[in-house]
Amino acid sequence: MRHPAPILAVSLVALLAAAPVAARRETAPLSDTARAALKDYEPVGTTSCIPLRSVESTRIVDPSAIIYKVSSRKLYVNQPDDGRCTALRKERALVTRTMTGNLCRMDIVRVIDPPTPIEYGSCILGDFTEYRRRN
C-alpha cells in the first residue's frame, strides 16, 4: 500500500513556496491628537520590541496610538497593526501578558474598563516608534 503523506508534504511545500509574502504595511499617519501629545518629541527610529521593565507608564491616546513612557526624555509610540483599534479609548486600560518580558509587534493586548471587569476587545500591536524629547 502506498502512503499519501510524501505527496501531501511535497504539495504543501509547493503551495507555501508559491504563496506571496505579506508585505509590511506602511505606518498610518498619526492622528492630530497623537501629534499634539508628541509635540515636544521627535521620532528617532523603530523597533519590533521594547522591554516592559523599562516602561514607566502607558497612555492610550486614541484608537490609532498608544504611548509607552520610558523616561521624561524617551517615549515609544505603538500604532495597532491595522492602523487603528476601535477598542482603544483614553479612559480605558491595557492588560498585557508576556512570557519574555518584552512587548513586541504582533503581541495582543486586551482593552478593559479599569473600575469594572468589562473587557472591550483586544488589539494587535504594530512596530514601536521611539521618540526623544527635543532639546
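Here's what I pulled together on the structure shown here. What you see is a predicted model; the values in this text were computed from it and never measured.

Structural notes on the overall build of the chain
Here comes step 1: The helix and strand inventory of the chain stands at two helices and ten strands.
Here comes step 2: For the chain, the proportion of its 135 residues judged to be buried stands at 30%.
Here comes step 3: Taking contacts inside the chain between residues at least 6 apart in sequence as the whole, the part at least 24 apart equals 58%.

Details of the sheet that holds strand S4 (residues 65–71)
Here comes step 1: Pairing is antiparallel across the open sheet formed by five strands, whose spatial order is S1-S10-S5-S4-S3. Each of the sheet's edge strands pairs with one partner strand only, and the pair in question is strand S1 (41–47) and strand S3 (57–62). Between one strand axis and the next, the sheet turns by 30° as a mean value, whatever way the strands run.
Here comes step 2: Pairing geometry for S4 and strand S5 (residues 74–78), over five bridges, is antiparallel. Its bridge partner being in S5, Tyr 68 is matched across the sheet by Tyr 76.

Looking at unusual backbone geometry
Here comes step 1: Of note in the backbone geometry, Met 106 takes a positive phi value of approximately 80° without being a glycine.
Here comes step 2: Mapping Met 106 onto the fold places it in the loop between strand S7 (102–104) and strand S8 (108–112).

Section: the state of the cysteines
Here comes step 1: For the structure shown, the criterion picks out two disulfides.
Here comes step 2: Here Cys 49 pairs with Cys 104 through a disulfide, and the sulfurs are 2.0 Å apart. Since a negative S-S torsion denotes a left-handed disulfide, the Cys 49-Cys 104 link at about 115° is right-handed. Of this pair, Cys 49 sits in strand S2 (residues 49–51) while Cys 104 sits in strand S7, placing them 55 residues apart in sequence.
Here comes step 3: Since its relative accessible area comes to 15%, Cys 104 is described here as buried.

Cut-offs and rules
- Residues numbered from 1 in each chain as written.
- Predicted model: local features only at pLDDT ≥ 70, side-chain atom pairs only at ≥ 80, totals over all residues.
- Heavy atoms only, no water.
- Helix = DSSP H or I, 4+ residues; strand = E, 2+ residues; numbered from the N terminus.
- Buried < 20%, exposed > 50% of the residue type's maximum accessible area, 1.4 Å probe, protein only.
- Contact = heavy atoms within 4.5 Å.
- Pairing = 2+ DSSP bridges.
- Axes fitted to C-alpha atoms, helices over the stretch in contact; angles between N-to-C directions.
- Disulfide = S-S within 2.5 Å.

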